[in-house]
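Listed here are the chains, written in short residue letters.
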Amino acid sequence: FELADWYVRRGRARVLEQAEGEREAKEDMVAALRLIGFDRPNWAPTASFVMAEYVRHRRGVEATTGEAAEEAALAASAYEQLVELSFLEANEMAGAYAVMRSLTLAEQSGDGSLIARAMAGVGYVFGLLGSHQRAESYVDSAELRAAASGDDAALVYTSIVRSFYYTGVGRWDRAAHS
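Residues numbered from 1 in each chain as written. Predicted model: local features only at pLDDT ≥ 70, side-chain atom pairs only at ≥ 80, totals over all residues. Heavy atoms only, no water.

(A) View of the overall build of the protein. Each helix and strand counted, the protein has nine helices and zero strands in total. For the protein, the α and β elements follow one another from N to C terminus as α-α-α-α-α-α-α-α-α. With the C-alpha coordinates of the protein rotated into their principal frame, the extents come out at 45 × 35 × 35 Å. When each of the 178 residues of the protein is scored for burial, the buried share is 46%. The long-range share in the protein, meaning contacts at least 24 apart out of those at least 6 apart in sequence, stands at 65%. Total accessible area on the protein stands at roughly 9,000 Å², and carbon and sulfur atoms take up 52% of it. Considering the protein, the positive charge centre built from 18 side chains and the negative charge centre built from 26 side chains are found 5 Å apart. (Helix = DSSP H or I, 4+ residues; strand = E, 2+ residues; numbered from the N terminus. Buried < 20%, exposed > 50% of the residue type's maximum accessible area, 1.4 Å probe, protein only. Contact = heavy atoms within 4.5 Å. Areas by Shrake-Rupley, 256 points an atom, 1.4 Å probe, with all protein chains shown as cover. Lys, Arg positive; Asp, Glu negative; His and termini not counted. Charge placed at Lys NZ, Arg CZ, Asp CG, Glu CD.)

Structure follows, in structure tokens:
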């Protein structure tokens, strides 16, 4: 677990560099996921594959405890970084799958700040798909959940994603207040 955590932290640092480290960051996230027992992420998912992950999420996910919750939280964090890498690569389908997977894992972990960040990403994806009512529900709920978690970083993250969404759909009044 400690080695997987190290890979996630190193990969996150490489994502923040946003330079030549993107490939290495992706490798770090894949290594972390493998170390805690997860398969290699799908980098070319179909729309039906993405929706299957969403249906899995909608059917309900039971929160875990102990080591299983820690592993789910670490995996959710790794997938969150893969979302950002997919964004930088303009790989929308891989990003959509990664954010759906991140939400499922965050819910398994029970970590409110991880859930909030993943919900914001899911809302953004639904906005890209033109499902604006669902998108708004997710981005607005994400910000409320982040505020309730008491995690300032999650609140900033969800506010940024929320403002991206509202700016993208031309809702300037809502974007300005995110």
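Next comes the rest of the description.
(B) Representation of the pattern of salt bridges in the model. What the rule picks out here adds up to six salt bridges. One salt bridge connects Asp 140 with Arg 174, and the closest N-O pair in it is separated by 2.8 Å. Taken together, the residues Asp 140 in helix H7 (residues 132–149) and Arg 174 in helix H9 (residues 172–176) connect sequence positions 34 residues apart. (Salt bridge = Lys/Arg side-chain N within 4 Å of Asp/Glu carboxyl O.)

(C) Representation of the packing of helix H2 (residues 22–35) against helix H4 (residues 66–89) in the model. Between H2 and H4, the shortest axis-to-axis distance is 10 Å and the interhelical angle comes to 155 degrees. Viewed along their axes, H2 and H4 adopt a mutual orientation that is roughly antiparallel. Note on packing geometry: the crossing formed by H2 with H4 is left-handed. Here Glu 22, Ala 25, Lys 26, Met 29 and Leu 33 of H2 come into contact with H4, specifically with Ala 75, Ala 78, Tyr 79, Gln 81, Leu 82, Leu 85, Leu 88 and Glu 89. (Axes fitted to C-alpha atoms, helices over the stretch in contact; angles between N-to-C directions. Parallel < 35°, antiparallel > 145°, perpendicular 65-115°, else oblique. Left-handed = near helix turned anticlockwise from the far one by under 90°.)

(D) Looking closely at helix H6 (residues 112–128). The end-to-end C-alpha distance of H6 is 25 Å, a good match for the 24 Å that 17 residues give at a rise of 1.5 Å each. The buried fraction of H6 amounts to 14 of the 17 residues, a majority that puts the element mostly inside the structure. In the stretch just after H6, Gly 130 is the one whose phi turns positive, near 85 degrees. (Expected span 1.5 Å × (residues − 1).)

(E) Representation of the environment of Val 169 in the model. Along the chain, Val 169 turns up in the loop between helix H8 (152–168) and H9. The partly exposed category is assigned to Val 169, whose relative accessible area is 32%. Taking the C-alpha atoms as reference points, Val 169 and His 132, separated by 37 residues in sequence, lie 8.8 Å from one another.

(F) Representation of the environment of Arg 40 within the structure. Assignment of secondary structure puts Arg 40 in the loop between H2 and helix H3 (47–58). Sequence-wise, Arg 40 and Leu 114 are 74 residues apart; in three dimensions their C-alpha atoms are separated by 21 Å. Dropping the residues within four chain positions of it, Arg 40 is found in contact with Val 30 and Arg 34.

(G) Local environment of the layout of surface pockets. Here the largest pocket defines a volume of roughly 1,100 Å³. Lining of the largest pocket is provided by 40 residues; of these, Glu 80, Val 83, Glu 84, Tyr 157 and Val 161 occupy positions nearest its centre. No other element matches H4, which puts 11 residues into the lining of the largest pocket. Of the residues contributing to the lining of the largest pocket, the split by class is 24 nonpolar, seven polar and nine charged. (1 Å grid on protein atoms, 1.4 Å probe; cavity = no way out; pocket = protein on both sides within 12 Å on 5 of 7 lines; lining within 4 Å. Points joined across faces, edges and corners; volume = space filled by probe spheres on them. Nonpolar A, V, L, I, M, F, W, Y, C, P; charged D, E, K, R; others polar.)

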